[in-house]
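Commentary on secondary and tertiary structure
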Amino acid sequence: MTGPTDTTTDTTADGAPVSVPDAATTGDSLPETAAPSVARTVTDVLQPRNVLLAGMLGIGLAAAGDWTGLPWGFLGALCAGLIPAGYIEWERGRGTWGDRHVVDRTKRAPIFFVILGSIGTGSVVMVLGNAPIGILVAMLALWVMTIGLLAVNTVWKISVDASVASASVALLAAVHSPWWLAAYPLTAAVCWSRVALGYHTVAQTVAGAGLGAATAVAYAFV
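Residues numbered from 1 in each chain as written. Predicted model: local features only at pLDDT ≥ 70, side-chain atom pairs only at ≥ 80, totals over all residues. Heavy atoms only, no water.

Attention shifts here to the side chain of Thr215. Within the secondary structure layout, Thr215 lies in the segment after α9 (202-213). Taking relative accessible area as the criterion, Thr215 reaches 6% and is therefore assigned buried. Ignoring any residue separated from it by four or fewer positions in sequence, one finds Thr215 in contact with Ala141, Met145, Ala167, Ala170 and Leu171. (Helix = DSSP H or I, 4+ residues; strand = E, 2+ residues; numbered from the N terminus. Buried < 20%, exposed > 50% of the residue type's maximum accessible area, 1.4 Å probe, protein only. Contact = heavy atoms within 4.5 Å.)

For the rest of this paragraph, the subject is the pattern of salt bridges. Tallied over the entire structure, the rule returns four salt bridges. Among the ionic contacts, a cluster of salt bridges with common partners joins Arg100, Asp161 and Arg194. (Salt bridge = Lys/Arg side-chain N within 4 Å of Asp/Glu carboxyl O.)

There is a patch of nonpolar side chains on the surface, built from Leu61, Trp67 and Leu70 and spanning about 320 Å² of accessible area. Structurally, Leu70 can be placed in helix α4 (residues 69-93). Judged by its relative accessible area of 35%, Leu70 falls in the partly exposed class. (Patch = residues over 30% accessible without salt bridge, like charges linked within 9 Å, V, L, I, M, F, W, Y side chains within 5 Å. Areas by Shrake-Rupley, 256 points an atom, 1.4 Å probe, with all protein chains shown as cover.)

Attention now goes to helix α7 (residues 160-175). Taking 1.5 Å as the rise per residue, α7 with 16 residues should run 22 Å; its terminal C-alpha atoms sit 22 Å apart, in good agreement. Buried residues dominate α7, accounting for 15 of its 16 residues. The backbone nitrogen of Ala162 lies 3.1 Å from a side-chain oxygen of the residue at the head of α7, namely Ser159. (Expected span 1.5 Å × (residues − 1). Polar contact = N/O pair within 3.5 Å; in protein donor to acceptor, adjacent residues only side chain to side chain.)

The subject of this paragraph is the nonpolar core. Judged by nonpolar contacts, the single largest core of 37 residues is most densely connected at Met56, Ile59, Ile111, Met126, Leu142, Leu171 and Tyr219. Where this core is concerned, the elements lending two or more residues are α3 (48-64), α4, α5 (109-128), α6 (133-153) and α7. For this core, the leading source of residues is α6, giving ten residues. Residues in contact with Ile59, not counting those within four places in the same chain, are Gly134, Ile135, Ala138, Leu171, Leu172, Val175 and Tyr219. (Core = buried A, V, L, I, M, F, W, Y, C linked by side-chain atoms within 4.5 Å.)

Another point: the environment of His200. When you line up the elements, His200 lands in the loop between α8 (184-196) and α9. Residue His200 is classed as buried on the basis of its relative accessible area, which comes to 6%. Between the C-alpha atom of His200 and that of Ser159, which follows or precedes it by 41 residues, the distance is 6.7 Å. One polar contact links His200 to Gln204, side chain to side chain, over a distance of 3.3 Å.

A few words on the confidence of the model for the protein. When the pLDDT values of the protein are averaged, the result is 87; 85% of them are 70 or greater. When mean pLDDT is compared element by element in the protein, α9 scores highest at 98, while helix α1 (residues 23-26) scores lowest at 36. Taken as a whole, residues 1-32 scores under 50 in pLDDT and shows 61 contacts with residues more than four places along the chain or in a different chain. (pLDDT = per-residue confidence, 0-100.)

Moving on to the packing of aromatic side chains. Inspection of the entire model under this criterion finds two aromatic pairs. Between Tyr87 and Trp90, the aromatic rings sit 6.2 Å apart at their centres with planes inclined by 40°, giving tilted as the arrangement. Taken as a pair, Tyr87 and Trp90 lie in helix α4 at a separation of three residues, close to a single helical turn. Measuring from centroid to centroid gives 5.9 Å for Tyr87 and Trp97, while their planes differ by 75°, and the two rings are edge-to-face. On the criterion of sequence distance, the pair formed by Tyr87 in helix α4 and Trp97 in the loop between α4 and α5 is long-range, its members being ten residues apart. Accessibility assignment for this pair places Tyr87 and Trp97 in one class, buried. A network of ring pairs unites the aromatic residues Tyr87, Trp90 and Trp97 as a single cluster. (Phe/Tyr/Trp six-rings, centres within 6.5 Å; stacked < 30°, edge-to-face > 60°.)

And the structure:
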């Protein structure tokens, strides 16, 4: 993973690689070089696996109404976030990708298929185990969201990080309390960090956040 003093490689909407120099190579002053460092911290701390771990545990707890929902929440986090993250690290070890961001959108399809298979398997386990309906609906919503991400990614580099951050807040608001919508500044922070680091445009993060927010629509039919 590139550090705050490296040159970041990104791609345009059609997948062509471009270089985004940081402050160390452009000679910016100290106040201006602080932004990439903060953005790097935000994007690393609020990466999908961490957001899903916290979010799915919260959804499981709220869906069950007591601690018995935590194992189901962890299963959701495992299938939606931890297993896909492990797959990315495995491919990194093989030299397939440089870091978890997989900046070339043309190489992202395998990740989405792993996520779909993992979430699908977890959903089956939840059905067989009579998991609380709230956590199951959340899983199915994330599965549909992933299909959307895969479809858009074939032509445009939509932000997965923004989508996951937004979906987690929206789902918590739907299954637990609308007050969770107050956490949307965290989603905005993720969007800002992706743009600041040159991984996405503003439009790509806004589209990702919008797709993530749409996952809560599933609860209108429960």
